[in-house]
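# Notes for the structure review
What follows is each chain in one-letter form.
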Amino acid sequence: MRIGELAATVGVTTRTVRHYHHQGLLPEPERLANGYRHYTLRHAVVLARIRRLTELGLGLAEVRDVLADDAGKDLVEVLTELDEDLARQEAGIRERRQRLRALLDAGELPAEGPVSPELAALFATAAPRLAGSPMAAKDREVFALIETAADPAQRERLMSLAGAMAGSPRTTARVNEVYALLDALADADAGTDDPRVAEAARAIADCIPADLLPEHGFDHGDSFLRALYADLAPAQAAAIRRALDLVTGEGR
């Protein structure tokens, strides 16, 4: 058989046959006097086996191990590992579908979505009570970021505190005051002498739960805080920086 006949017999392309030669999976055949490759039934048998193995999901390195006569894993071991890997992928797909279904069943997705059902519920609860301010929208984006980046323990603690705050009308009113103060600083002078900066800082400090305070204070050089400050107007960043110093005792 010539290469085209071999490829047609097994149901692959001639390019695939050449690729398997290049990868060392399919032995090179003898060449006839005219220079053409001469394939035998044995080549077709091996090529068909390669096709079956790759259709099962084996990579070419794994196929090479299976085909090796004196090295590598035997076929049962390779297929067992493949089955276990597919089971893990299947479980992951099932979990993602459950999360998607929960988001779709929740109705209208938040603008920051997709977020977890817990955070979506928190946004839905808090939205009617919180002012529709630019700073409130930015706060929601930060919450979505923290939920994605934080470790599970931090995420659970933050969600618990945020849920308690959102459920308190008194706290909600104070947070609305903070948003209004920060929104007013959007076009303020970059200097920190503006009395509104100090007023906003005190209001922010009063809203920060003690449970959120780090053990050794806030590091303003931290990459997250630096990115947060850079995303705010200068006066807004100054107010938040001063508030963090106030709650840790450094701004007194």
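About the thresholds
Residues numbered from 1 in each chain as written. Predicted model: local features only at pLDDT ≥ 70, side-chain atom pairs only at ≥ 80, totals over all residues. Heavy atoms only, no water. Buried < 20%, exposed > 50% of the residue type's maximum accessible area, 1.4 Å probe, protein only. Helix = DSSP H or I, 4+ residues; strand = E, 2+ residues; numbered from the N terminus. Arc of directions from axis to C-beta. Contact = heavy atoms within 4.5 Å. Polar contact = N/O pair within 3.5 Å; in protein donor to acceptor, adjacent residues only side chain to side chain. Phe/Tyr/Trp six-rings, centres within 6.5 Å; stacked < 30°, edge-to-face > 60°. Lys NZ or Arg CZ within 6 Å of the ring centre and 35° of its normal. Core = buried A, V, L, I, M, F, W, Y, C linked by side-chain atoms within 4.5 Å. pLDDT = per-residue confidence, 0-100. Salt bridge = Lys/Arg side-chain N within 4 Å of Asp/Glu carboxyl O.

### As for helix 11 (residues 223-230)
Within the sequence span of helix 11, burial applies to Leu225, Leu228 and Tyr229. End-on, the buried residues of helix 11 take up no more than an arc of 95 degrees, which puts them together on one face. Away from its buried face, by an angle of more than 90 degrees, helix 11 presents the exposed residues Ser223 and Ala230. Its buried side turned inward, helix 11 meets helix 7 (134-149) and helix 12 (234-247). The backbone nitrogen of Phe224 has a side-chain oxygen 2.9 Å away, supplied by the residue at the start of helix 11, namely Asp222.

### Some remarks on the packing of aromatic side chains
Inspection of every chain in the model, using the stated rule, returns zero aromatic pairs. Here Arg2 stacks its cationic end above the ring of Tyr36, 4.2 Å away from the centre of that ring. The ring of Tyr229 carries the charged tip of Arg241 above its face, separated from the ring centre by 4.3 Å.

### Brief notes about the nonpolar core
Judged by nonpolar contacts, the single largest core of 28 residues is most densely connected at Leu182, Leu185, Ile204 and Ala239. Of all the secondary-structure elements, those providing two or more residues to this core are helix 7, helix 9 (169-184), helix 10 (195-207), helix 11 and helix 12. The leading source of residues in this core is helix 12, at eight residues. Residues within four places of Ile204 in sequence aside, it is in contact with Val178, Leu182, Ala239, Ile240 and Ala243.

### Concerning the confidence of the model for the chain
Averaged over all residues, the pLDDT of the chain is 80; the fraction at 70 or higher stands at 83%. The weakest mean pLDDT in the chain belongs to helix 6 (residues 117-126) at 70; the strongest belongs to helix 2 (residues 14-22) at 94.

### Structural notes on the pattern of salt bridges
All chains considered together, the criterion is met by five salt bridges. Its salt-bridge partner being Arg94, residue Glu90 comes within 4.0 Å of it at the nearest N-O pair. With Glu90 and Arg94 both in helix 5 (residues 75-105) and four residues apart, this pair spans about one turn of that helix. Relative accessible area serves as the criterion here: at 48%, Glu90 is assigned to the partly exposed category. On the accessibility criterion, Arg94 (45% relative accessible area) is partly exposed. We note a salt bridge from Arg196 to Asp194, for which the minimum N-O separation is 2.9 Å. Residue classification places Asp194 among the buried positions, given a relative accessible area of 18%.

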